[in-house]
Amino acid sequence: MSIKAIVIDVGHVLVQGSLLNGILRERYPDLRPKVLYDPEVYRQVGVEGFDRWVESAMTEKIEMLAADPVSASLRAAERVPLTPYAAEFIATARARELALTCIGAVPDFLVADLLRRLDAQVPFISSRVVIDGDRISSVASILTPSRKRSELRKWKYLQGLAPNELLVIGDSLGDLQMMELVPRDNRVAFNATENAVLEFCAHHYQGSMDRLLENVFYEQAIC
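Attention here is on the structure that accompanies the text. These numbers come from a predicted model, not from an experiment. (Residues numbered from 1 in each chain as written. Predicted model: local features only at pLDDT ≥ 70, side-chain atom pairs only at ≥ 80, totals over all residues. Heavy atoms only, no water.)

### A word on the environment of Leu181
Part 1 of the argument: Mapped onto the secondary structure, Leu181 falls in the loop between helix H8 (176–179) and strand S6 (187–190).
Part 2 of the argument: Taking the C-alpha atoms as reference points, Leu181 and Arg153, separated by 28 residues in sequence, lie 7.4 Å from one another.
Part 3 of the argument: Ignoring sequence-local partners within four residues, the contact set of Leu181 consists of Arg149, Leu152, Arg153, Lys156 and Pro163. (Helix = DSSP H or I, 4+ residues; strand = E, 2+ residues; numbered from the N terminus. Contact = heavy atoms within 4.5 Å.)

### Considerations on the pattern of salt bridges
Part 1 of the argument: Counted under the stated rule, the structure contains 14 salt bridges.
Part 2 of the argument: Salt-bridge contacts for Glu60 lead to Lys34; the nearest nitrogen and oxygen are separated by 3.0 Å. Of this pair, Glu60 sits in helix H3 (residues 47–65) while Lys34 sits in the loop between helix H1 (19–27) and helix H2 (39–44), placing them 26 residues apart in sequence.
Part 3 of the argument: With its nearest N and O atoms 2.9 Å apart, the salt bridge here joins Arg116 to Asp113. Linking Arg116 with Asp113, this pair stays in helix H6 (residues 108–117), spanning three residues, or about one helical turn.
Part 4 of the argument: The exposure class of Asp113 is buried, given its relative accessible area of 11%.
Part 5 of the argument: Linked through salt bridges whose partners overlap, the residues forming this network are Glu78, Asp113, Arg116 and Arg117. (Salt bridge = Lys/Arg side-chain N within 4 Å of Asp/Glu carboxyl O. Buried < 20%, exposed > 50% of the residue type's maximum accessible area, 1.4 Å probe, protein only.)

### Things to note about the packing of H1 against H3
Part 1 of the argument: At a closest axis distance of 10 Å, the pairing of H1 and H3 adopts a crossing angle of 45 degrees. When the interaxial angle is binned, H1 and H3 end up oblique. H3 is crossed by H1, and the crossing has left-handed handedness. Along its contact with H1, which presents Leu20, Asn21, Ile23 and Leu24, the element H3 presents Met58, Lys61, Met64 and Leu65.
Part 2 of the argument: Residues of the contact of H1 with H3, tallied by class, amount to six nonpolar, one polar and one charged. (Axes fitted to C-alpha atoms, helices over the stretch in contact; angles between N-to-C directions. Parallel < 35°, antiparallel > 145°, perpendicular 65-115°, else oblique. Left-handed = near helix turned anticlockwise from the far one by under 90°. Nonpolar A, V, L, I, M, F, W, Y, C, P; charged D, E, K, R; others polar.)

Below is the structure:
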């Protein structure tokens, strides 16, 4: 396999756990945030129904986040631990001049700050919010699973990539639609727990990106 580009999901991949839920648990300690890609919902509804669930759940989370200044949310985000070797993985991909992008439903201002923490000047596609001063004023758009697929298809076309030249790294049921755009051997499940995701992907990793880094860039077990 000759990889020319890599797409990386955000939550549970670049950070250990959910970035957004980590902030909300700190702000609302008695709250149990909704699971964005709830497997029970996934099994009960179709593609459009799952999109509606994700849009509703993420909008609700962002509205809860809007109770505090953006600066407070960013400080809380700093306390969500980064995935070990995520920064090194991205830096190596960039050094090898691979096309790279991050795709995730996390709001854009949180993704931008996360990539800053990782010292990664990488383009990303995310949910978008409108910020007025130090406050979230509204939700502009939510990156649903179907939109992930659509945005990745456009990015892949603009990069001039064949499906077998793109590696997709994700963790959840929300990533399956975009993973369908590449062969099974080009799908990486990272910190995945659902059998549907694990079975859909040829490669599985947990916890740290050190072994993924070795396999992709040095041992060539994937590339």
